[in-house]
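Descriptive structure summary
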Amino acid sequence: MTGPADPFILSDSAIAAGYDLVVYETIGSTNDAAFEHARGGANRTWVVARAQTAGRGRHGRQWQSPPGNLYASVLLIDVATPQTAPQIGFVAGIALARALRQLVAEPARIGVKWPNDILLDGAKLAGILVEGRVLADGAYAIVAGFGVNCQSRPPDLPYRAAALAEAGVGRSKAADVLFLLSQQMADWLRVFEQGFDAIRAEWLSLAAGIGAPIKVKTATRQFEGIFQSIDADGRLILVDASGAHSIEAGDVLLGH
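In what follows, the accompanying structure is described. (Residues numbered from 1 in each chain as written. Predicted model: local features only at pLDDT ≥ 70, side-chain atom pairs only at ≥ 80, totals over all residues. Heavy atoms only, no water.)

**Observations regarding the packing of aromatic side chains**
The final tally for this structure, using the stated rule, is three aromatic pairs. For the ring pair Phe90 and Trp203, a centre distance of 5.4 Å and an interplane angle of 80° mean the geometry is edge-to-face. Linking Phe90 in helix H3 (residues 87-101) with Trp203 in helix H6 (residues 197-206), this pair joins segments that are 113 residues apart in sequence. As far as the burial class goes, Phe90 and Trp203 line up, both buried. Sitting over the face of the ring of Phe35, Arg133 holds its NZ or CZ atom 3.9 Å from the ring centroid. (Phe/Tyr/Trp six-rings, centres within 6.5 Å; stacked < 30°, edge-to-face > 60°. Helix = DSSP H or I, 4+ residues; strand = E, 2+ residues; numbered from the N terminus. Buried < 20%, exposed > 50% of the residue type's maximum accessible area, 1.4 Å probe, protein only. Lys NZ or Arg CZ within 6 Å of the ring centre and 35° of its normal.)

If you want it as structure tokens, here you go:
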């Protein structure tokens with residue numbers, strides 16, 4: 001748990017907004033731990049681990065979690081409904097991209113990829129997993145989990161990956177990322193309280209691949225076309241010879 005010598009701290013603005021911080025040396029999953037804190041009555045709580053033994057990404061995929069990278073989840077109660085909860089993923093993507101852009105000499109190297117990745121020079125630098133659960137008292141708990149390759153990246157992946165340290169982009173410590181991320185997340189959640197329109201516009205300003213070829217594999221079919229935009233609910237809009245398609249979930253390959 002958090003100790004006096006722990007390098008992880010939240011930004012002053014996050015603390016002022018009522019966020020707490022819990023740090024573990026090693027834990028199964030920061031998302032799972034955040035939900036445990038929710039069941040104990042917590043809210044606005046960051047859960048951080050120096051290593052995870054059961055980290056996961058979308059669709060239950062394993063997220064390799066060696067020491068040196070950032071594994072953090074933020075617990076939020078009743079900030080969205082089950083229907084609008086996926087929009088928190090866009091808030092989280094903006095917050096993380098903006099935080100990482102503060103750490104690099106050339107901010108434009110950092111972009112967001114639909115629906116939940118952060119790219120450095122087109123390679124995967126970070127992933128975000130948003131999950132929601134109804135609590136016993138009827139409240140809706142949302143946890144946004146962040147995995148950021150600070151010191152290392154997983155080897156032998158089927159796609160290009162990057163780490164801050166090996167890219168030579170400036171500060172690459174997990175504590176630096178968390179400090180800035182906590183500030184950005186608090187700020188953009190306040191924007192989200194006013195509606196999704198401003199979040200959509202900001203996300204699009206950071207997005208990789210707009211107007212370029214894209215391939216999207218859903219649970220039932222595969223699309224190839226041009227990445228046009230995201231709609232008012234965050235669905236990806238792909239245009240091909242047959243027209244525009246609104247895609248709610250899928251795996252994206254850019255430049256195809």
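More follows now that the structure is in view.
**Looking at the packing of H3 against helix H5 (residues 174-192)**
Each packed pair of helices is defined by two parameters, the angle between the axes and the distance between the axes. At their nearest, the axes of H3 and H5 sit 8 Å apart, and the two run at 135° to each other. In terms of their interaxial angle, H3 and H5 are classed as oblique. Considering the relative orientation of H3 and H5, their crossing is right-handed. Here Gln87, Ile88, Val91, Ala92, Ile94, Ala95, Leu96, Arg98, Ala99 and Leu100 of H3 come into contact with H5, specifically with Val177, Leu180, Leu181, Gln184, Met185, Trp188, Leu189 and Phe192. (Axes fitted to C-alpha atoms, helices over the stretch in contact; angles between N-to-C directions. Parallel < 35°, antiparallel > 145°, perpendicular 65-115°, else oblique. Left-handed = near helix turned anticlockwise from the far one by under 90°. Contact = heavy atoms within 4.5 Å.)

**Brief notes about the nonpolar core**
Core analysis: the largest hydrophobic core is formed by 69 residues, its most contacted members being Tyr19, Trp46, Leu70, Leu96, Leu100, Phe146 and Met185. Counting residues in hydrophobic clusters, the runner-up holds 15 residues, among them Phe35, Ala38, Leu75 and Ala139. (Core = buried A, V, L, I, M, F, W, Y, C linked by side-chain atoms within 4.5 Å.)

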